[in-house]
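# A closer look at the structure
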Amino acid sequence: MKIIENKTYDQERALYASCDTKIKNCTFSGPADGESALKESRNIKVSGCLFDLRYPFWHDEGVVAENCTMTELCRAPVWYTKNATFKNFEINGVKAFRECDNVKLIVDMLISQLLKCLSGLVPVFLSDKKINITEASVFRYGIILPHYKALHNGNLYSLITN
């Protein structure tokens with residue numbers, strides 16, 4: 001597996017179509033304001049990275065990402081992605097997930113923050129109580145989490161917490 005570590009990228013599609021790659025402690029930010037840094041990547045492991053540019057995980061497959069930060073400028077970061085796990089992410093942008101298949105989100109954040117970043121969900125129940133989401137699976141049009149309810153396109157999804 002190729003290792004990329006301690007680098008800064010700001011250009012368009014900086015690591016486009018990466019395959020079998022570990023990306024550690026990298027920063028995706030800068031004056032070139034590029035987007036789609038990891039678009040169409042396969043079998044990548046990302047840890048300790050800062051994402052300050054748009055659309056980093058589009059059309060990816062086989063992503064394991066943990067302990068990363070997505071700033072407010074990192075809009076629509078995970079779209080059309082399959083078979084991925086995002087663990088301990090700080091998600092500050094909007095429309096974070098859309099049309100994903102088999103994507104797991106393991107985070108500790110306010111439910112209102114989580115629902116803000118999930119595109120297409122209209123919350124029926126919204127609280128600023130801090131929750132620990134241990135296994136949230138984002139599917140094509142929603143997220144499954146226990147004990148909370150969210151409505152999406154007329155379908156009821158159960159939002160799960162501990």
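Counting 30 residues, the largest nonpolar core has F28, L38, V46, F51, F57, F86 and F97 as the members making the most contacts within it. Elements with a minimum of two residues in this core: β5 (42–47), β8 (61–66), β11 (82–87) and β14 (101–110). Beyond its immediate chain neighbours, meaning those up to four positions away, V46 contacts I23, L38, F51, F57, V64, A65, E66 and C68.

A separate point is the side chain of D10. Looking at the secondary structure, you find D10 in the loop between β2 (8–9) and β3 (19–24). Nearest to the buried, unbridged D10 among oppositely charged side chains is R54, at 11 Å. Of the polar contacts made by the side chain of D10, one reaches the backbone nitrogen of A32; its length is 2.9 Å. Those residues within four positions of D10 in sequence are excluded, and the remaining contacts are S29, G30, P31, A32, D33, G34 and L53.

Residue placement: D52 occurs in the loop between β6 (50–51) and β7 (57–58). Buried charge D52 goes without a salt bridge, the closest partner of opposite sign being R54 at 8.6 Å. Among the polar contacts made by the side chain of D52, one reaches the side chain of S29 at a distance of 3.0 Å. Within the structure, the side chain of D52 is placed 2.4 Å from the side chain of T71, a separation counted as a polar contact.

Enumeration over the complete set of coordinates arrives at 0 disulfides. Take C26: it sits in no disulfide, and the sulfur closest to it among the cysteines is that of C49, at 4.9 Å. For C26, a relative accessible area of 1% corresponds to the buried category. In this model C68 remains outside any disulfide bridge; the closest cysteine sulfur is found in C49, 4.7 Å from its own.

Now for the packing of aromatic side chains. Within a pair of aromatic rings, the relevant descriptors are the distance that separates the centres and the angle that separates the planes. In total, this model carries 9 aromatic pairs according to the counting rule given. Relative to W79, the ring of W58 has its centre 4.9 Å away and its plane inclined at 10 degrees; by these criteria the two rings are stacked. Of this pair, W58 sits in strand β7 while W79 sits in strand β10 (residues 78–79), and the two are 21 residues apart along the sequence. Per residue, the accessibility class of W58 equals that of W79, and both read buried. When the centroid spacing of 5.8 Å and the interplanar angle of 90 degrees are considered together, the rings of W79 and Y80 count as edge-to-face. Under the relative-accessibility criterion, W79 is labelled buried at 10%. With relative accessibility at 27%, the residue Y80 sits in the partly exposed group. In this structure an aromatic cluster arises from ring pairing among Y9, F28, F51, F57, F86 and F89.

Low pLDDT marks regions whose predicted coordinates should not be analysed in detail. On average, residues of the protein score 76 in pLDDT, and 65% of them reach the 70 mark or higher. Counting interchain partners and residues more than four positions distant, the pLDDT-below-50 stretch residues 119–135 has 56 contacts. Under a pLDDT of 50 for its full length, residues 139–162 has, in the predicted model, 83 contacts with residues more than four places off or in other chains.

Cut-off values and rules
- Residues numbered from 1 in each chain as written.
- Predicted model: local features only at pLDDT ≥ 70, side-chain atom pairs only at ≥ 80, totals over all residues.
- Heavy atoms only, no water.
- Core = buried A, V, L, I, M, F, W, Y, C linked by side-chain atoms within 4.5 Å.
- Buried < 20%, exposed > 50% of the residue type's maximum accessible area, 1.4 Å probe, protein only.
- Helix = DSSP H or I, 4+ residues; strand = E, 2+ residues; numbered from the N terminus.
- Contact = heavy atoms within 4.5 Å.
- Lys, Arg positive; Asp, Glu negative; His and termini not counted.
- Salt bridge = Lys/Arg side-chain N within 4 Å of Asp/Glu carboxyl O.
- Polar contact = N/O pair within 3.5 Å; in protein donor to acceptor, adjacent residues only side chain to side chain.
- Disulfide = S-S within 2.5 Å.
- Phe/Tyr/Trp six-rings, centres within 6.5 Å; stacked < 30°, edge-to-face > 60°.
- pLDDT = per-residue confidence, 0-100.

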